[in-house]
Amino acid sequence: MIRTADARREILRAIRESLAESAAGGGAAREGPVEPRAAGPGSAVGSTGSADPGAKPRGSTGPAAGASKDVVSSFTERLAAVGAQCTVVRGEAAAAHALADILTDAAARRVVGSDAPLVQRLLSALGDGFVRERLEGLSRDGLFACDAGVTTAQWGIAETGTLVLESAREKNRLLSLVPPIHVALLSSTCLCDSLGDALARMSRASHAITLITGPSRTSDIELTLVVGVHGPQVVHVLLLEEEP
Amino acid sequence: MSFERSARAALADEQLRGALRHATTLFGERRRAAMATLPDWEGARDRARAIKDETLLHLDRYLEEFTANAERAGARVHWARDAATACEIIGRIAAERGARTVVKSKSMASEEIHLNAALAARGIEPVETDLGEYIIQLAGEAPSHIVAPAIHKTRRQIGALFAEKLGMEPSDDVAKLAAAARRALRRRFAEADLGVSGVNFAVAETGTILILENEGNARLTTSLPRTHIALMGIEKVIPRFADLEVFLQLLPRSGTGQVLTAYQSLLTGAKRRPEDEGPAELHIVLLDNGRSGMLAAPVTRQSLACIRCGACLNACPVYRQIGGHAYGSVYPGPIGAVLTPQLFGLGRSSELPYASSLCGACRDVCPVKIDIPALLLHLRAEVVATRAGKPRLLERLAFSAYAAVMARPRLFESVVRLARMLRVMLPLGAWTKWRDLRPLAPRSFREEWRTRLRHEVAR
Amino acid sequence: MTMRVSLFVTCLADQLWPAAAAGAVEVLRRVGCSVEFDERQTCCGQPAFNTGYRPEARALARRLIEVFESSDADAIVSPSGSCTAMLRHYEQLFEDAGWRARARRLGERTHELSSFLVNRLGVEDVGASFPARLTWHDACHGLRDLGIRDEPRRLLRRVRGAELVELSPASVEACCGFGGTFSVKYPELSVAILDEKVDAIERAGVDVVVSGDASCLLQIGGRLSRRGSSVRPVHLAEVLASRRSSPP
Ligand code: SF4
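The rules behind these values
- All residue numbers here refer to positions counted from 1 along the written sequence of the relevant chain.
- Chain labels run from A onward and ligand labels from 1 onward, assigned in the order the entries are written.
- Where totals are concerned, whole chains, interfaces and linings use all residues; where local detail is concerned, this predicted model gives features only for residues with pLDDT of at least 70, and gives and counts side-chain atom pairs only at 80 or more.
- Note that water and hydrogens are dropped before the side-chain values are worked out from all heavy atoms of the structure.
- The nearness test applies per residue and asks whether one of its heavy atoms lies within 4 Å of the molecule or strand.
- In the scheme used here, Gly and all other residues not listed as nonpolar or charged are polar, with Ala, Val, Leu, Ile, Met, Phe, Trp, Tyr, Cys and Pro taken as nonpolar and Asp, Glu, Lys and Arg as charged.
- In what follows, residue pairs with any heavy atoms lying within 4.5 Å of each other are defined as contacts.
- A simple way to read buried area is as the amount of 1.4 Å-probe accessible surface that goes missing from two parts once joined, with both sides added.
- One speaks of a salt bridge when a side-chain nitrogen belonging to Lys or Arg is within 4 Å of a carboxyl oxygen belonging to Asp or Glu.
- Secondary structure elements are defined from DSSP: runs of H or I of at least 4 residues count as helices, runs of E of at least 2 residues count as strands, and each element is numbered from the N terminus.
- Definition of a polar contact: a pair of N or O atoms within 3.5 Å, with one able to donate and the other able to accept a hydrogen when the atoms are protein atoms, and with sequence-neighbouring residues admitted only if both atoms are side-chain atoms.
- Here a strand pair is declared whenever DSSP counts at least two bridges between the two strands.
- Angular values range over 0 to 180 degrees, each being the angle between N-to-C directions of two axes fitted as lines to C-alpha atoms, with helices fitted over their stretch in contact.
- Here's how the labels work: a residue is buried when its accessible area is under 20% of the maximum for its type, exposed when over 50%, partly exposed in between, all with a 1.4 Å probe on protein chains only.
- Points on a 1 Å grid, built from protein atoms alone, make a cavity when a 1.4 Å probe fits but cannot get out and make a pocket when they are open with protein on both sides within 12 Å along at least 5 of 7 lines; residues with an atom within 4 Å of a point are the lining residues.
- Grid points are joined across faces, edges and corners, and a volume is the space filled by probe spheres set on the points.
- Domains are outlined according to an automatic or database domain assignment.

Colleague: I'd like a rundown of the site of the ligand, residues and numbers included.
Modeller: For the ligand, the set of nearby residues contains 13 residues, the closest of which are Cys306(B), Cys309(B), Gly310(B), Cys312(B) and Cys366(B). Among the residues forming the shell around the ligand, the class breakdown is eleven nonpolar, one polar and one charged.

If you want it as structure tokens, here you go:
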């Protein structure tokens, strides 16, 4: 029987003893060229969370309201660089058309969408020729048999071509992962410049936040790239610009 | 097997050396290219190291903060003083839930505690799902690189392995091999009751754990089964959510030469409502296993700043020749040569600190500026001071004699002169077997100085 | 105003590569320094330090600190990056604040030859002539501990008749595999690393490989000669001291 409370006490005591020994042994920086001269007063920082030695205060560029052309083009460039596709559309009707085209081109028949209202609206606008699965009650095997998953993304990161999916907003974890094709709907007003901006804006209420940069990939055999090993082979972003 | 013998065996394996040369060179090139995409590389390294130093100096508080926040979000946090306890905790959780299959995503900590053997002993089958880990599990081997576990194998060898174990047509088409693994592993994911993952970063401020990967197997492992267990060394904690930025800039660039890996999962507790996606339970196991002791001095403390990117392996001239297995440890290469003795005892790995030419390439590439050569020197001094490992009688004698002679310039000169006269060859068969030994000069510099040079003046 | 230099010759150059040490004297004098040499100096203790024998290293460090403290020379100069780096490490051998300060002072006074010429004296052309195709081997401690990369190259480019050929990018900063006791503890490994370097040197089609450390030259030269290569190992100080008009 392991009493985890005892283990906790023991580990914390060991940590404190070691740190005390280190402090007694002539201070933190007194061991030759060993402790790299990091910028900032690292060791002088007091209580937890009271100081911020590492992260430089970053002038957040603020919400990307009306997403400038620059952000959109660097986002789409980065998407291409990481092997994701992107279609820019204006308005929901155009989005529905584009979605149908994407699925048809990819020969996807069995399609499953998240519970986001936008996704549901677009899926119901799909014509015949598609089998629309419902996520609720779908077994693992049923899910594994789907060709495409459609979700929204809450944020996009321009500097890396990354999608940010938050669990609090819709059921997107499995749909963006299990089917070989993932289509993500993203509003261009939700593009962030940098990873740092995105981290600052993410909803921490989500128990799962997933960052997706391109399709699933591996280089485990001779460092040779293979796309789509466990997750989707195709990631297609439908970037929705506001209707004027 | 001693390091010396396994290194010799590795040197004789031409296929291995070819695979290593290819992989480490490519890794190096990709790392350099990726580095160039970050404007202030040095600044990022300094910031990351400062965050790590600050965390480690207050590790007790940050661990408590992390634990409180993770538990508030619905996770259960377990503390394990050593490997056996960690295996026991994970094994018991699995057994209590009647798990028969455990899917695993890549975790060096789980390798460190030999979790697979512990699970198997309970009749629970562990299934590695990272392609590289899957390959070496099928082959019954240990990982040879902390980022790319099967780097020592050629596609042909993997093709033969898959033909034997998965019954597929022999192939050396990498895409076919990956597809076969995907198919086989999907079946295992479909039936898995429990997922075990590692952790790259744990945020104290929010109780979040972050897992980085490319394949999607870690996402499957942490979202399909009902129960998720995340195993992490106590050094993985960082103070703030915003601190993730700099580490996400450094780790993928240093590790695989990517700007960002395909996936980052940021998990904060278990799901909130039954109808949500994801595991109903999240267990986080905090592993000490010798780490707290490393905090006792600045030189050893920096070992805990490591973010396991593997860049030092790729840059190391020794690793590049012999690969990971020769180190006889789950942590190979330069960082392995300093972690292994600290984690598992100097007695059993007293050779490892000497497995380096001290060239310093590891320190140059390390994204958190760990001074590995200084650590190697520190551990060598420990080996000598504590008489760890083999006796080294001759070596001790030689260094006492050396120190005695070098402290007396006259004696030094007489000794060298005698050696010169008698044409004494030092007992350096280890040198002369492959290299010619330059003879002592007929006249030393000091003799030249005395007789000639000192009297000449500046021209 | 003449700069007064005390030479830290290193035991290796003293007994195995005296031409490097003599070359350093010649070059320093040529650029206007006066040179002194204290015969009480022997070894800096690096072999002991690098093998883990700290008490032995500490005793030798104390000696050398005392030897050089007795000189009021403006600078201590050494034809070895590795031993210069060792002197800069002395501080960590001591706990006592007094010794630490003395060790630090010695480290600050000591310079590797090429860095002293270029950075302290601002000299690049030392009036040398050495007609040969040559390549430069970056010794690891000079390169990574002292940050010496451009200095020797700038000096070599000003040597009359010398043509500097760089090794391939993958090999230019590669270690030669010497590593002190490493080279005899793990000889096969040391030679495997060395062979990649020697292959690159031979591919470069040079007559001479130049380095700033006698230890690397022993290692590289020992293998070159065993392989029957015609490439010769030469110390930087020898090249800079040379006035020859025909190929070596
Ligand atoms: S020691 Fe540095 S370079 Fe090596 S794995 Fe750790 S973080 Fe990466």
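Colleague: So what's going on with the interface of chain B and chain C? Residues and values would help.
Modeller: Contacts between the two partners involve 63 residues from chain B and, on the opposite side, 64 residues from chain C. Broken down residue by residue, the surface that chain B buries against chain C is led by Trp434(B), Arg438(B) and Phe445(B), which jointly contribute 13%. Our count for the chain B to chain C interface comes out at nine salt bridges. The closest approach of N and O atoms between Arg8(B) and Glu188(C), which form a salt bridge, is 2.6 Å. Top contributing element to the side of chain B that touches chain C by residue count: helix 20 (residues 393–406) of chain B, with six residues. Partitioning the side of chain B that touches chain C into residue classes produces 34 nonpolar, seven polar and 22 charged.

Colleague: Can you tell me about the interface of chain B and chain A, naming the residues and giving the values?
Modeller: Listed per partner, the contact involves 111 residues of chain B and 83 residues of chain A. For the pair chain B and chain A, the two sides together bury roughly 8200 Å², of which 58% comes from carbon and sulfur. On inspection of chain B and its partner chain A, the count reaches six salt bridges. Inspection of the chain B/chain A interface yields 42 residue pairs in polar contact (both at pLDDT 80 or more). The greatest single-element share of the side of chain B that touches chain A, amounting to ten residues, is contributed by helix 10 (residues 174–191) of chain B.

Colleague: Residue-level account of the sheet that holds strand 7 (residues 227–233) of chain B, with values.
Modeller: Residue and element names in this part refer to chain B. Strand order in this open sheet of six strands is 1-10-7-4-2-3, and the pairing throughout is parallel. Of all the strands in the sheet, the pair left with one neighbour each is strand 1 (76–80) and strand 3 (125–128). Pairwise comparison of adjacent strand axes, ignoring direction, gives a mean angle of 25 degrees for this sheet. Relative to strand 3, strand 2 (residues 101–104) runs parallel, the two sharing four bridges. Across the sheet, Thr 101 pairs through a bridge with Glu 125, a residue of strand 3.

Colleague: Can you explain the pairing of strand 5 (residues 129–137) of chain C? Please cite residues and give values.
Modeller: All names here are of chain C. Taken across its nine residues, strand 5 has eight buried, putting it largely inside the fold. Sheet topology places strand 5 next to strand 6 (residues 160–164); four bridges connect them, and they run parallel. Each residue of the ladder has a partner; that of Ser 129, found in strand 6, is Arg 160. Bridge analysis of strand 5 against strand 7 (residues 208–211) gives four bridges, and the strand direction is parallel. Across the sheet, the residue bridging to Leu 134 is Val 208, located in strand 7.

Colleague: Help me get a handle on empty space enclosed by the protein, residues and values and all.
Modeller: Evaluation of the coordinates by the stated rule reveals nine cavities of 30 Å³ or more. In this structure, the largest cavity occupies an estimated 110 Å³ of space. What lines the largest cavity is a set of 15 residues, among which Cys316(B), Pro334(B), Ser356(B), Cys362(B) and Leu376(B) lie closest to the centre. Residues that form the lining of the largest cavity fall into these classes: twelve nonpolar, three polar and no charged. Taken as a whole, the second largest cavity encloses approximately 80 Å³ of empty space. Considering the residues around the second largest cavity, the lining is formed by Gly81(C), Glu112(C), Ser114(C), Trp136(C), Asp138(C), Ala139(C), Gly142(C), Leu143(C), Ile148(C), Ser211(C), Gly212(C) and Asp213(C).

Colleague: Account for the domain arrangement of chain C, naming residues and giving values.
Modeller: All names here are of chain C. The assigned domain composition of chain C is domain 1 (3–119) and domain 2 (125–241). Computed over C-alpha atoms only, the centres of domain 1 and domain 2 are separated by 22 Å. Between domain 1 and domain 2, the contact holds 29 residues from the first and 27 residues from the second. Regarding the contact of domain 1 and domain 2, the summed buried area is about 2100 Å², with carbon and sulfur atoms giving 69% of it. Contact with domain 2 buries area across many residues of domain 1, yet Trp 17, Arg 30 and Val 118 alone supply 27% of it, more than any other trio. Counting every contact that joins domain 1 to domain 2 gives zero salt bridges. Summed over the shared surface of domain 1 and domain 2, the result is twelve residue pairs in polar contact (both at pLDDT 80 or more).

Colleague: I'd like a description of unusual backbone geometry, backed by residues and values.
Modeller: Look at Ala107(A): it is not a glycine, yet its phi comes out positive at around 60 degrees. Within the secondary structure layout, Ala107(A) lies in the loop between helix 3 (92–105) and strand 2 (110–113). Judged by relative accessible area, which is 62%, Ala107(A) ranks as exposed. Even without being a glycine, Leu358(B) presents a positive backbone phi close to 60 degrees. Locating Leu358(B) in the fold gives a position in the loop between helix 17 (333–344) and helix 18 (361–365).

Colleague: Could you give an account of the pattern of salt bridges, with specific residues and numbers?
Modeller: All names here are of chain B. Within the structure shown, the criterion is met by 72 salt bridges over all chains. The shortest N-O distance in the salt bridge between Arg 417 and Glu 413 comes to 3.0 Å. One end of the pair is Arg 417 and the other is Glu 413, both in helix 21 (residues 409–421) and four residues apart, which spans about a single turn. A relative accessible area of 38% places Arg 417 in the partly exposed class. A single network of salt bridges, built from pairs that share partners, joins Glu 88, Arg 92, Glu 96, Arg 97, Arg 122, Arg 226 and Glu 281.

Colleague: So what's going on with the sheet that holds strand 3 (residues 131–133) of chain A? Which residues, and what values?
Modeller: All names here are of chain A. The strand order across the open sheet built from six strands is 1-12-7-4-2-3, with neighbouring strands paired in parallel fashion. Each end of this open sheet is capped by a strand with a single partner; those strands are strand 1 (85–90) and strand 3. The sheet shows a mean angle of 25 degrees between the axes of neighbouring strands, taken without regard to direction. Inspection of the sheet shows strand 2 paired to strand 4 (residues 148–152) by three bridges, in the parallel sense. What sits directly across from Val 112, in strand 4, is Gly 149. In the packing of helix 4 (residues 117–125) onto the sheet, contacts are made with strand 2, strand 3, strand 4, strand 7 (181–187) and strand 12 (234–241), and the angle to strand 2 comes to roughly 155 degrees.

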